[in-house]
Structures are given as C-alpha cells and as structure tokens.
Amino acid sequence: MGIRTKSGKNGPSLPKGMSGIIHFAAWGVLFCMPLFFTGRSTESITFLTYLRYIIVPLSFLFLFYINYFYLVKRFIFRKEFFRFLLINLLLIAGLIYGVHLLMNVLPEPPGMHQRPEHDLADVIRFLIGNTIIYMLVAGLSVAIKMTNSWYAAEAAQKELEKSRSEAELQNLKSQLNPHFLFNTLNNIYSLIAISPEKAQASVHDLSRLLRYVLYESSYPQVTLGKEIEFIRNYIELMRIRLPEKVRIEVTVSPDIQPETPVAPLLFISLIENAFKHGTSNAHPSFITIEITQNEQQIDCLIRNSSFPKDGEYDKSGSGIGLSNLRKRLSLLYPEKATFTCWQEDDTFNSRLTIRTD
C-alpha cells in the first residue's frame, strides 16, 4: 500500500504596487509618443499641436478606467452583459462626438492643411473604425480587470487552503500527542509491578520525551538531528520492558546531515507501529530501523517481525498514528513524500521517503 501526495501549483502573482507602475508606464508611453518623433521631423511640436494630440488618448484613458473601476464590477461580475455592452456603446458614441467637437473648437496649428470635405461613406468608415478602436480599449480594460480579479481570487483561495491545512495539522498533532503519551504510559504501567526502579527511571525518560513533544514539536520544523535523538530516547524507553528475545537494531547513516529541517514526529508513528505489531513475549522477534540521507532525500526503512493484534481487543489506539501520518504527509510534503507498507512472509516492512530538494 502506498501513498503519494499531490498539490496545486502556485499561480504567478505581481508584487504589490507593480500593477500601478505598469499602468503608469503604459499611459506615459502613449501620452509621450509625439515627443519621441520630434527629432525626425523638420517641425517641432508646439503646445497647441500636443494639446490636439492628447484629446484622443485622454478619451481612451476615460473609457479604460470607467470600465476598470466601475462598469466591469457593476455589470460583468453580475453577468449583466447586455447592459454592459449598451452602456459602453453609448459612452463610445459620446466620446467620439466629444473628441470631434473639441477638435473643431481648438484652433488648428499654423501650417496645417485644411481638411477636405468627406462624403457619407467616409463618415461611416470613420465612425466604424473609431468605434472598433474604442471597443478594443474597453475590451483591454475588461481583460486586465478580470485577470487581476482572478489573481486576487486565486490568492484568497490559496490563503483559505493554507488556513484549513494549518488547522487540520494542528488538529492532527493534538491527536498525536495524547496518543503517544497513552502508549508510553502503558509501557511504564507494565513496569511498575516488575521493577519499580525501572519504572521510576522510565518516568524521568518520559519527561524528556514529553518536553520534545510538547515544545520542540510545536514548531513547523525541527532539525533531523533532534528528531533522531528523540527516536533513540523513545526506543530506549521501550526497550526496558521488552524480553531478551526481542532484537532491536537502529542504524543511522554517517551521511546524515543533522541540521536538515524536517516536520516533527513523522517517524515515530512507524516506530510505534513496529513495537506494537513486531514484538512478542513468547516468540523471538526483531525490529530493525535504518535511517539514511543523500542530497535528494531522507529515507526511513523499518522491518519487524509480524504479530498482528486483534483489532477488536486492541485498545492501544496505535492505528491512529499511521492514519495521521498519511494525512500529515499529504499536507506537509505534497509531491515530496512517499509512504509504503508491505508484507514479506513473516516480516512487515514500512518505508517513509521525504525529498529535501
């Protein structure tokens, strides 16, 4: 049985304030266009010439931002497309007429040739051409506004998912800590009748483990070195009550990098499960734990003899641990963790691999 976790990819997003800079730069280029070409002309641009030029860009600006800040939100987001189109056509008609009036009111720059008379066909072509240009401006405003809204919705959704994930992780950890304590107290309880001295020492060892569980594990990540030290202490605590027939081997690769950050308490569920199902007071049994690391991943392989408990009479609750482990991996290491379990004859194997790249 294996589990691989998946996650959505973060969509691209603009840094805060970048959108305003892009708007300013785009309109700045449009309004400064005549200045870019004055050096190639024998006539220098005058205030009157520039004033006549910016009338059209100003009308573009007005149409763009009345859509961007009001009409898209008022009509498109409410799916009132016909009213949106009608209002834009009326606006465009008004802007074309207003631009025409201003061009006639403003005096023509010296040297400008008198415009020839236009017939009806020329007027219609002029109106259609200008309407198309204004509609493209309005369409660009809609596209940019909708894209920005999509980014905002995507960011809000990801923030919501993050909040839900954090809440679920906190809930899982709140289940894991009492579960760990419950199992360990059971072990100490079994020692009281056999060896009160060992039980007393075990309580002291348990206090160290609880300090790690309650304080260190409250952080999102701990170092791999601390996690391995916690595992060793836990195994020593468990070893006290086990008979001599149980063989326990722990191998930690010398290539382990102790400062590697990992989520806390990931491996303990597997180890608890091995002690629960892999040891017997009546038969020879074993548990082997191998923890290795290379540049790409951390690998924890656990093999143990198999003595499955009857679920109906098993009150230890250790089944909670593996279920929580799967859920935590899906939240903490999407696409980076693999957890598999398999049976080979009388040996049960479990492997947890975490990519660190």
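Here we summarise the structure given alongside this text. Within any chain, residue numbers begin from 1 and follow the written order of that chain's sequence. Two thresholds apply to this predicted model, a pLDDT of at least 70 for residue-level local features and 80 or more for giving and counting side-chain atom pairs, whereas whole-chain, interface and lining totals are computed over all residues. Note that water and hydrogens are dropped before the side-chain values are worked out from all heavy atoms of the structure.

Two aromatic rings from Phe, Tyr or Trp, using only the six-membered ring of Trp, form a pair when their centres are within 6.5 Å; if the ring planes differ by under 30 degrees the pair is stacked, by over 60 it is edge-to-face, and anything between is tilted. Counting across every chain of the model gives eight aromatic pairs. Summarising the aromatic geometry, the rings of tyrosine 65 and phenylalanine 69 are spaced 5.6 Å apart at their centres and angled 20° between planes, so their arrangement reads as stacked. Highlighted residues: tyrosine 65 and phenylalanine 69, both in helix α3 (residues 47-76), separated by four residues, approximately one helical turn. On the numbers, 5.0 Å between centres and 85° between planes, the contact of tyrosine 68 with phenylalanine 69 is edge-to-face. Exposure is judged per residue with a 1.4 Å probe applied to protein chains only, and the accessible area is read against the type maximum: over 50% gives exposed, under 20% gives buried, and values in between give partly exposed. With relative accessibility at 8%, the residue tyrosine 68 sits in the buried group. Residue phenylalanine 69 is classed as exposed on the basis of its relative accessible area of 57%. Taken together, the aromatic side chains of Phe64, Tyr65, Tyr68 and Phe69 make up a single cluster linked through ring pairs. In this scheme, Lys NZ or Arg CZ marks a charge over a ring once it lies within 6 Å of the ring centre and within 35 degrees of the ring normal. Lying across the ring of tyrosine 68, lysine 145 places its NZ or CZ 4.9 Å from the centre. Each helix is a run of H or I in the DSSP string that is no shorter than four residues. Each strand is a run of E no shorter than two, and both are numbered from the N terminus.

Glancing now at helix α7 (residues 224-239). Helix span is expected to be 1.5 Å times the residue number reduced by one. For α7, built from 16 residues, the straight-helix expectation of 22 Å at 1.5 Å per residue is met to within 8% by its first-to-last C-alpha distance of 22 Å. Residues of α7 that are buried: Leu224, Glu227, Ile228, Phe230, Ile231, Tyr234, Ile235, Leu237 and Met238.

On the surface, Leu120, Val123, Ile124, Phe126, Leu127, Ile128, Ile132 and Leu136 cluster together into a nonpolar patch covering about 760 Å² of accessible area. Residue position: phenylalanine 126 is located in helix α5 (residues 120-194). Put simply, a patch holds well-exposed residues, over 30% relative accessible area, that have no salt bridge, with like charges counted together within 9 Å and Val, Leu, Ile, Met, Phe, Trp or Tyr side chains within 5 Å. Throughout, the Shrake-Rupley method with a 1.4 Å probe supplies accessible areas, and for residues the shown protein chains are the sole cover considered. The working definition used for a salt bridge is a side-chain nitrogen of Lys or Arg within 4 Å of a carboxyl oxygen of Asp or Glu.

Ranked by size, the top nonpolar core spans 45 residues in total, and within it Phe275 and Leu352 carry the most contacts. At eight residues, α7 tops the list of elements feeding residues into this core. Apart from residues lying up to four places away in sequence, phenylalanine 275 is in contact with Tyr234, Ile235, Met238, Leu242, Ile248 and Ile287. In these notes, a set of buried Ala, Val, Leu, Ile, Met, Phe, Trp, Tyr and Cys residues joined through side-chain atoms within 4.5 Å is what counts as a nonpolar core. If you look at the next biggest cluster of nonpolar residues, it comprises 25 residues, including Ile54, Ile55, Val72 and Val137. In what follows, a contact means two residues having at least one pair of non-hydrogen atoms within 4.5 Å.

Moving on, we come to the packing of helix α6 (residues 196-214) against α7. Contact pair α6 / α7: the axes reach a minimum separation of 10 Å and the direction vectors enclose 155°. One way to sum up the angle between α6 and α7 is to call them roughly antiparallel. For the pair α6 and α7, the sense of crossing is left-handed. Across the interface between the two elements, Ser202, Asp205, Leu206, Arg208, Leu209, Tyr212 and Val213 from α6 touch Lys226, Glu227, Phe230, Asn233, Tyr234 and Leu237 from α7. Polarity classes work like this: nonpolar for Ala, Val, Leu, Ile, Met, Phe, Trp, Tyr, Cys and Pro, charged for Asp, Glu, Lys and Arg, and polar for all others, with Gly in that last group. Looking at the contact of α6 with α7 residue by residue, the class counts come to seven nonpolar, two polar and four charged. To obtain an axis, a line is fitted to C-alpha atoms, over the contacting stretch when the element is a helix, and the angle between two such axes runs from 0 to 180 degrees between their N-to-C directions. These descriptions rest on fixed angle ranges, namely under 35 degrees for roughly parallel, over 145 for roughly antiparallel, 65 to 115 for roughly perpendicular, and the rest for oblique. Two helices that cross are described as forming a left-handed crossing if the nearer one is turned anticlockwise from the farther one by less than a right angle, and a right-handed crossing if clockwise.

So, about the environment of glutamate 80. By secondary structure assignment, the location of glutamate 80 is in the loop between α3 and α4 (81-105). Sequence-distant contacts of glutamate 80, defined by excluding residues within four places in its chain, comprise Arg74 and Phe75.

Scanning all chains against the criterion turns up six salt bridges. The partner of arginine 74 in a salt bridge is glutamate 80, and the shortest N-O contact between them spans 3.7 Å. The exposure class assigned to arginine 74 is partly exposed, which follows from its relative accessible area of 22%. Here glutamate 80 and arginine 83 are joined by a salt bridge, their closest N and O atoms 3.2 Å apart. On the basis of relative accessibility, which here comes to 23%, the residue glutamate 80 falls in the partly exposed class. You can call arginine 83 partly exposed: its relative accessible area is 43%. Ionic contacts of the salt-bridge type, sharing partners, join the residues Arg74, Glu80 and Arg83 into one network.

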